[in-house]
Amino acid sequence: MRLAGKIGIVTAAASGMGRAGAVRFAKEGASVAVVDLDAAQAEAVAGEIRSAGGKAVAIAGDLTQDTFARDIVGRTLAEFGNLDFVWNHVGHPGPASLEGIDMADYALAMDLNCRSVLVTTEAAIPILRARRGGSLLFTASISGLTGSPNSPVYSMAKFGVVGFVRSLAKRLAPDHIRVNAICPGPIDTPMLRTFVLRPDQQAPAGKDVETLLVERAGRVPFGRAGKPEEIANAALFLISDEASYVSGVAMPVDGAATA
Ligand SMILES: NC(=O)c1ccc[n+]([C@@H]2O[C@H](COP(=O)([O-])OP(=O)(O)OC[C@H]3O[C@@H](n4cnc5c(N)ncnc54)[C@H](O)[C@@H]3O)[C@@H](O)[C@H]2O)c1
């Protein structure tokens, strides 16, 4: 097993890629804190892991709240006694518009993509430093690598995540803490529906969300959206000791979209 005996946190783990990662990491021997706003779904994912013989605890709360974003580290320590990795997966698309921008949605995008992952990381670093190493993984996006005309605020936030990751990789290298980002292309999760049609956008004439999803997937060189499990596979590698000399990368997992 590739994560035997490891203990870690996955945020936004009740759905999509976070769920796929939590389930996969547990199958590979990790004890996983399943963190999410959706208490019932977080408990369902943790229950699914335990039913399959794995170790998991659900921790429900709102990661826009600094106290909660920090406390998930202490609660994981209280449950499992140590910490080896954190996958800061939480994020938010934010507004599509610039003219007439919804600043509350801007603030939510910044809070979830940047602030909350900073706060959780700040709490995790002393624990990883004390045990002389560990792995921090962040979810950026291909919009954190290339400009995104439909998602300028999201792109601003995810470029920020990539900058944070590269900075921390150098800063924490003496502590043997590896820091990486995963940069998904369009992945078949509930959030992809928001990406193709934001609450502040009008659907183009004659097109519904299903049509827009097909069009979005068709623009990927692979001709399809990715599956959450395909992101979980890459996340598993980056978190595991197999990536022992990998730090500071922003790895696209995108069906050649950024090639
Ligand atoms: N889906 C894509 O195409 C895509 C592409 C690139 C990057 N991403 C990034 O992946 C991450 C999540 O995407 P997904 O597609 O797996 O999502 P998803 O829609 O499947 O799940 C999102 C989860 O986040 C949780 N959540 C929302 N607000 C929260 C809060 N305040 N506190 C705690 N949990 C909260 C939700 O309850 C939900 O379970 C984000 O960082 C997103 O930017 C997604």
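In case you missed it, the structure is sitting above this.
Residues numbered from 1 in each chain as written. Predicted model: local features only at pLDDT ≥ 70, side-chain atom pairs only at ≥ 80, totals over all residues. Heavy atoms only, no water.

I keep staring at the sheet that holds strand β6 (residues 177–184) and nothing clicks. Help me out?
Either a parallel or an antiparallel arrangement is found when strands of a sheet pair, and the pairing is made through backbone hydrogen bonds. Read from one edge to the other, the open sheet built from seven strands follows the order β3-β2-β1-β4-β5-β6-β7, with strand pairing classed as parallel. Because the sheet does not close on itself, it has two edges, and the strands there are β3 (55–60) and β7 (250–253). Across the sheet, the axes of successive neighbouring strands diverge by a mean angle of 20°, strand direction being ignored. The sheet contact formed by strand β5 (residues 134–139) and β6 spans six bridges and is parallel. Looking at β6, one finds that Leu 137 is bridged to Asn 180. (Pairing = 2+ DSSP bridges. Helix = DSSP H or I, 4+ residues; strand = E, 2+ residues; numbered from the N terminus. Axes fitted to C-alpha atoms, helices over the stretch in contact; angles between N-to-C directions.)

Would you mind going over the packing of helix α1 (residues 16–27) against helix α2 (residues 39–51) with me for this structure?
Each pair of packed helices gets described by two things: the angle between the helix axes and the distance between those axes. One can describe the packing of α1 onto α2 by two numbers: an axis separation of 10 Å at closest approach and a directional angle of 25°. Taken together, the axes of α1 and α2 are roughly parallel relative to one another. Along this stretch, α1 crosses α2, giving a crossing that reads as right-handed. For the pair α1 and α2, contact is made by Arg 19, Ala 22, Val 23 and Ala 26 and by Val 45, Glu 48 and Ile 49, respectively. (Parallel < 35°, antiparallel > 145°, perpendicular 65-115°, else oblique. Left-handed = near helix turned anticlockwise from the far one by under 90°. Contact = heavy atoms within 4.5 Å.)

Just checking my understanding: could you explain the pattern of salt bridges for this structure?
For side chains bearing opposite charge, pairing can occur when the charged atoms are close. Per the stated rule, a full pass over the model turns up twelve salt bridges. When the shortest N-O distance is used, the salt bridge between Asp 175 and Arg 129 registers 3.0 Å. You can see Asp 175 sitting in the loop between α5 (152–172) and β6 and its partner Arg 129 sitting in helix α4 (residues 103–130), a full 46 residues away along the chain. The exposure class assigned to Asp 175 is buried, which follows from its relative accessible area of 13%. (Salt bridge = Lys/Arg side-chain N within 4 Å of Asp/Glu carboxyl O. Buried < 20%, exposed > 50% of the residue type's maximum accessible area, 1.4 Å probe, protein only.)

These figures capture arrangement, not role.
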